[in-house]
Amino acid sequence: MAKWTAFPHDNSAFQYSAASLKKHWARLHAGDAEPWPKDAAVVEAWIHFHAGDFQKAYEAGLAAGGAGITVANKAQAIYANYLEKKEKTKLEMFLEVAERADAQQQEEPKNPAAYYWQAYAIGRYGQGISVAKALAQGLGSKVKNALEKTIELAPKHADAHIALGAFHAEVIDKVGKLLGKTQGADTATGLKMFEQAIKLNPSSAIAMIERANGLVMLEGDKRMKEAESLYADAAACEPMDAMECLDVEMAREELED
């Protein structure tokens, strides 16, 4: 396998031991509601993930199997979204995650992570090929159904609420309210999902960023000031791991644009 691009920032503050990771687990996993792993090999894979060693996390997660598949999926999906430069490779990575998550669903039909990472990967793949094209291929309903299943299995999964809000916002933004209805998208549900995500994980930079984007997509320029305020709040967040660091950096770039 080709070497993945290294995490581009100082990660010294994100080097956890098993003990320190356990101590900060609830805060670090407020977004994905992931339970503390029973397997030491899976803990090790998460240590790599939080430090930004995404390729090591992916490889260690695959090697561990079981709950390690979730680490591998998250590491590959986050790496592809933020750090992979080649568009073709990025899209291939998202498809791989979606396939692995689908297989994980067959093995563990009550594992919310299996549905969430499938939805995330298909959603990002859809953005890559264009939302309109993805909807024409029937990918929209796959994303929506997988996210609704995630929330059914894990009602406190803040990231699934964010992603479902983003689904409603993107569909309406790209095809309009009328056609959006045929895809099961509506403004009120989108706004409600963003609000719930912030309630569940109030210190999440990505929740603030996605809510900001969603407000403008769903309600236009009248929500721009609120969106800018959310970007500013996200940019001021203190990251506790590599992924949060990338989120905060994204918020700062948005403010500069």
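Just so we're clear, the structure is a prediction, and the values are computed from it rather than from any experiment. (Residues numbered from 1 in each chain as written. Predicted model: local features only at pLDDT ≥ 70, side-chain atom pairs only at ≥ 80, totals over all residues. Heavy atoms only, no water.)

Some points on the domain arrangement of the chain
Quoted interface sizes are often the accessible area lost when the parts come together.
Point 1. Examined at the domain level, the chain breaks down into domain 1 (13-156) and domain 2 (159-256).
Point 2. On a C-alpha basis, the centres of domain 1 and domain 2 stand 19 Å from each other.
Point 3. At the junction of the two partners, domain 1 supplies 31 residues and domain 2 supplies 30 residues.
Point 4. When domain 1 packs against domain 2, close to 2600 Å² is buried across both sides, 67% of that on carbon and sulfur atoms. (Domains from an automatic or database assignment. Contact = heavy atoms within 4.5 Å. Buried area = accessible area lost by both parts, 1.4 Å probe.)

A closer look at the state of the cysteines
Point 1. Evaluation of the coordinates by the stated rule reveals zero disulfides.
Point 2. In this structure Cys237 is a free cysteine whose sulfur lies 12 Å from that of Cys245, the closest cysteine sulfur available.
Point 3. A residue is classified by how much of its surface remains accessible, and Cys245, at 15% relative accessible area, is buried. (Disulfide = S-S within 2.5 Å. Buried < 20%, exposed > 50% of the residue type's maximum accessible area, 1.4 Å probe, protein only.)

Considerations on the pattern of salt bridges
Point 1. Per the stated rule, a full pass over the model turns up 10 salt bridges.
Point 2. Put simply, Asp32 and Lys74 hold a salt bridge, and the shortest N to O gap is 2.8 Å. Of this pair, Asp32 sits in the loop between α1 (18-28) and α2 (40-51) while Lys74 sits in helix α4 (residues 68-82); the two residues are 42 residues apart in sequence, bridging distant segments of the chain.
Point 3. By relative accessible area, Lys74 is classed as buried at 2%.
Point 4. Bridged by salt links that share partners, the residues Glu170, Asp173 and Lys174 form one connected network. (Salt bridge = Lys/Arg side-chain N within 4 Å of Asp/Glu carboxyl O. Helix = DSSP H or I, 4+ residues; strand = E, 2+ residues; numbered from the N terminus.)

Some points on the side chain of Arg223
Point 1. Its location among the elements puts Arg223 in the loop between α11 (205-219) and α12 (224-235).
Point 2. Residue class for Arg223 comes out buried when judged on its relative accessible area of 18%.
Point 3. A distance of 2.9 Å separates polar atoms of two side chains, one belonging to Arg223 and the other to Glu226.
Point 4. For Arg223, the contacting residues outside a window of four places in its chain are Leu215 and Val216. (Polar contact = N/O pair within 3.5 Å; in protein donor to acceptor, adjacent residues only side chain to side chain.)

Here's the deal with the nonpolar core
Point 1. Counting 64 residues, the largest nonpolar core has Leu21, Phe49, Phe54 and Trp117 as the members making the most contacts within it.
Point 2. Each of two domains, domain 1 (13-156) and domain 2 (159-256), supplies a minimum of three residues to this core.
Point 3. In this structure, Phe49 is in contact with Phe54, Ala57, Val71, Lys74, Ala75, Ile78, Asp241, Ala242 and Met243, ignoring residues within four places of it in sequence.
Point 4. With 18 residues, the next largest nonpolar core counts Ala207, Ile209, Tyr231 and Ala251 among its residues. (Core = buried A, V, L, I, M, F, W, Y, C linked by side-chain atoms within 4.5 Å.)

Some thoughts on unusual backbone geometry
Phi is mostly negative for residues that are not glycine, and the peptide bonds are mostly trans.
Point 1. One non-glycine residue, Ala33, adopts positive backbone phi at about 55 degrees.
Point 2. Among the structural elements, Ala33 can be located in the loop between α1 and α2.
Point 3. Residue classification places Ala33 among the partly exposed residues on the basis of a relative accessible area of 38%.
Point 4. Even without a glycine there, the phi angle at Ser130 is positive, about 105 degrees.
Point 5. Summarising the element assignment, Ser130 is placed in the loop between α6 (112-129) and α7 (131-136).

Here we look at α2
Point 1. An ideal rise of 1.5 Å per residue puts 16 Å on 12 residues; α2 measures up with 17 Å between its terminal C-alpha atoms.
Point 2. Within α2, nine of the 12 residues are buried, which leaves the element mostly enclosed by the surrounding structure.
Point 3. Those residues of α2 that fall on the buried side of the exposure criterion are Val42, Val43, Ala45, Trp46, Ile47, His48, Phe49, His50 and Ala51.
Point 4. Looking at the buried positions of α2, the neighbouring elements they touch are α1, α3 (54-64), α4 and α13 (242-256).
Point 5. Where α2 starts, the residue carrying a side-chain oxygen 2.9 Å from the main-chain nitrogen of Ala41 turns out to be Asp39.
Point 6. One or two positions beyond α2, positive phi appears at Gly52, with a value near 90 degrees. (Expected span 1.5 Å × (residues − 1).)

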